[in-house]
Amino acid sequence: MTPVSDPSSFSSFFKCATKHLNIFYHVDFESHALRGKVALTVEVLEDKFTSLTLDSKDLKIFKVSANGQAAKFTLGAKHSFKGSPLEITLPFELSRGEHVIVEIEYETSPNATALQWLTPEQTAGKKHPYLFSQCQATHCRTMIPCQDTPSVKQTYYAQVSVPRELVALMSALRDGQEADPSDSSRVIYRFRQPVAMPSYLVALVVGALESREIGPRSRVWSEKEFVDEAAFEFAETETMLKTAESLAGPYVWGHYDVLVLPPSFPYGGMENPCLTFVTPTLLAGDRSLAGVIAHEISHSWTGNLVTNRTWEHFWLNEGHTVYLERMIARCMEGEQLRQFKGIGGWKELQESVKQFGANNVLTNLVPNLHEVDTDEAFSSVPYEKGFALLYHLEELLGGPEVFMGFVKSYIQLFAYGSVTTEEWKDYLFTYFKDKVDILNKVDWNVWMHTPGMPPVKPQYDTTMADACTALCQRWLKAKEGDLSSFTEADVKQLNSHQLIEFVALLLQEEALPLSHVKKMQEVYNLNSVKNAEVRFRWLRICVRAHWKEAVPLALKMATEQGRMKFTRPLFKEVFNVSDYSDEAVRTFKEHRKALHPVTAMLVAKNLKIDV
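Residues numbered from 1 in each chain as written. Predicted model: local features only at pLDDT ≥ 70, side-chain atom pairs only at ≥ 80, totals over all residues. Heavy atoms only, no water.

Caption draft 1: Representation of the overall build of the chain within the structure. On a plain count of helices and strands, the chain comes out with 20 helices and 22 strands. Expected size for 611 residues packed as a compact globule is a radius of gyration near 25 Å; at 25 Å, the chain falls within 12% of this value. Referenced to the eigenvectors of the C-alpha coordinate spread, the extents of the chain come out at roughly 85 × 65 × 50 Å. When each of the 611 residues of the chain is scored for burial, the buried share is 62%. Taking the contacts inside the chain whose residues are at least 6 apart along the sequence as the reference set, 71% of them involve residues at least 24 apart. Of the accessible surface of the chain, which amounts to about 23,700 Å², a share of 51% is contributed by carbon and sulfur atoms. In the chain, which carries 64 positive and 75 negative side-chain charges, the distance between the mean positions of the two groups comes to 1 Å. (Helix = DSSP H or I, 4+ residues; strand = E, 2+ residues; numbered from the N terminus. Rg over C-alpha atoms; globule rule 2.2 N^0.38 Å. Buried < 20%, exposed > 50% of the residue type's maximum accessible area, 1.4 Å probe, protein only. Contact = heavy atoms within 4.5 Å. Areas by Shrake-Rupley, 256 points an atom, 1.4 Å probe, with all protein chains shown as cover. Lys, Arg positive; Asp, Glu negative; His and termini not counted. Charge placed at Lys NZ, Arg CZ, Asp CG, Glu CD.)

What follows is the structure, given as structure tokens:
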């Protein structure tokens, strides 16, 4: 493995590598803290080894030992977003190839950015508190002192003590439960993860959870209020898993369960092994559900099994996962849908580039993240610019079957490890050794290291998109006198994918006149659409047209769920209309505590509020 530094980690992973974590947590809902200990089994990678550095952030460290002997430790200066390096000095010297067990007793902070503690009122059941974690990209260090870099992979075993009326789950296989011997009001849940994985995939949830079986290796988990609806919505999970296996090889993680979280979960989904986390916004008859689940299933190979070495190579995780997700859509629903999704993805990429600015280096496929907070760098760029590159290569090298052969071979070669863009590219040239002349014509520097849109726009089949484009153009060109020509039938012929595309196209244009937007509501009744992807775009169109009645609806959607994809742009849209800026700020301040800490931090920056 080529030594690569990780600008997002303090840990000394070039000197030693964690092979296993043994975790014990006592979950304390009153103090909003995890109290416990972790034992790291560390392999030494150099001779005369006497010290190591771990990542930590806002942790209270009580005691450190090495192979049972007391070890000295110091916490270095606190960095604004990377936390504090935990420097540990061993009471002995080790040689390359030896192992040491470093045990740390500690407690997390109530402000740990990996953890969101919900009051009973913030749950569907209203009776019990709820806790969930979100470690990607660099938040695991707020719940475990560890080598918080994707270049290190480890297995783990965990025991979690929780109040007995609650259930604990982790990104691992369930390994039974027992009464907590130290407290009869609590239960200890046990978990094991036998497949080595990076720290950002450690995940924990504690709540009043129920489950339903949805396949031979899958259950869906949620609060009881959602569980039957969720079981119905996720019924296709096994079909998707089998389709993914036919494309990418065997599924190695054993179980594939799905957890539907409370509304404040900040992402559409998170690919935690054995337990994908998803937003409840998918349950509102939202056809993007299939895309989210296909995406998270695909991560079982690209991301979880083959992992970006550092966050600068994040596109290797996400570009390949989007590619695989769309190949699953192709197998299950046809090539036209894959093409249509490619068109939608290109539009999302254009929006990200516009938001960052076309010269912003964070729009590079491989950005430099030195002194950059990974949360602030997050966007659709690694997903969609990455997909555009892979699709472009597919077109150059012989089509989807040929290129999928490469993707499968790449997964097999780098499985269980971490990889850089350079290693990926070297293997691409090796695999297609008879087509090196074609690969040499690709402008790799512009694709990888130049900001803005890609140098080549893929040519997609527009069959499914044409009806959306035609309807969008009709509205854009319509004069006041033409508005009576629009009827409900215009959108009845569009499926839900196309309806999303239609409103997305309108968002790319100059704001429509208020008269047009009011007419659109009158004939299409878009305010009553429950699909979150449609509703989110429609409300932004209304706010841009200065439709006063839409502002409370936009702010309601921004606060009744906390998915960053929806919440941030909705707040921003309202804030950007000077008449409503104060209302946006006031609403955010009222609801700030209910939002995930990362979401709240980023919205505050958008609204120009001191964080």
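From this point, the narrative continues.
Caption draft 2: Spatial organisation of helix α15 (residues 514-524). Residues of α15 that are buried include every one of His516, Val517, Lys519, Met520, Gln521, Val523 and Tyr524, and no others. Residues of α15 that are buried in the fold lie against α12 (463-477), α13 (489-492), α14 (496-508) and α16 (532-544). In the stretch just after α15, asparagine 525 is the one whose phi turns positive, near 50°.

Caption draft 3: Looking closely at the packing of aromatic side chains. Enumeration according to the criterion identifies 36 aromatic pairs in this entry. Judged by centre distance (5.4 Å) and plane angle (90°), the rings of phenylalanine 29 and tryptophan 117 are edge-to-face. Taken together, the residues span a long stretch of sequence, with phenylalanine 29 in the loop between β1 (16-28) and β2 (33-44) and tryptophan 117 in strand β9 (residues 115-118) at a distance of 88 residues. Both residues of the pair, phenylalanine 29 and tryptophan 117, count as buried. Ring centres 5.5 Å apart and planes at 65° place the aromatic pair phenylalanine 406 and tyrosine 431 in the edge-to-face group. Of this pair, phenylalanine 406 sits in helix α8 (residues 400-414) while tyrosine 431 sits in helix α9 (residues 421-431), placing them 25 residues apart in sequence. Look at phenylalanine 406 and you get buried, because its relative accessible area is 0%. Over the ring of phenylalanine 387 we find arginine 326; its NZ or CZ atom is 4.5 Å from the centre of that ring. (Phe/Tyr/Trp six-rings, centres within 6.5 Å; stacked < 30°, edge-to-face > 60°. Lys NZ or Arg CZ within 6 Å of the ring centre and 35° of its normal.)

Caption draft 4: Focus on the sheet that holds strand β6 (residues 72-75). Strands sit in the order β3-β7-β6 across an open sheet of three strands; the sheet is antiparallel. Either end of the sheet is taken by a strand with one partner, and the two such strands are β3 (49-56) and β6. Each adjacent strand pair in this sheet contributes to an overall mean axis angle of 20°, direction not counted. With four bridges connecting them, β6 and strand β7 (residues 84-94) associate as antiparallel partners. Each residue of the ladder has a partner; that of lysine 72, found in β7, is threonine 89. (Pairing = 2+ DSSP bridges. Axes fitted to C-alpha atoms, helices over the stretch in contact; angles between N-to-C directions.)

Caption draft 5: View of the UniProt feature "binding site: a peptide" (unreviewed entry) in the chain. The UniProt record annotates "binding site: a peptide" (unreviewed entry) at Gln134, Cys135, Gln136, Pro266, Tyr267, Gly268, Gly269, Met270, Glu271, Arg563, Met564 and Lys565. Summarising the element assignment, cysteine 135 is placed in the loop between β10 (130-133) and β11 (154-163). By relative accessible area, which is 2% here, cysteine 135 ends up buried. On the secondary structure map, glutamine 136 appears in the loop between β10 and β11. Apart from residues lying up to four places away in sequence, glutamine 136 is in contact with Tyr200, Tyr267, Met270, Glu271, Trp311 and Phe314. (UniProt positions renumbered as here; feature names shortened; annotations may be inferred.)

Caption draft 6: Molecular detail of the pairing of strand β4 (residues 60-66). Strand direction decides the pairing type here: β4 and strand β8 (residues 99-107), joined by six bridges, are antiparallel. Its bridge partner lying in β8, alanine 66 is registered against valine 102. In this structure, β4 lies alongside strand β5 (residues 69-70), joined through two bridges in antiparallel fashion. Directly across from serine 65, in β5, lies its bridge partner alanine 70. Linkage of β4 to β5, two consecutive antiparallel strands, is achieved through a turn of two residues, within which asparagine 67 is found at a positive phi near 50°.

Caption draft 7: View of the domain arrangement of the chain. Looking at the assigned domains, one finds that the chain contains domain 1 (6-207), domain 2 (208-300), domain 3 (303-449) and domain 4 (462-607). Just the C-alpha atoms count here: the centres of domain 1 and domain 3 sit 31 Å apart. With 18 residues of domain 1 at the contact, the number on the domain 3 side is 22 residues. Carbon and sulfur atoms make up 54% of the surface buried where domain 1 meets domain 3, a total of about 1,600 Å² over both sides. (Domains from an automatic or database assignment. Buried area = accessible area lost by both parts, 1.4 Å probe.)

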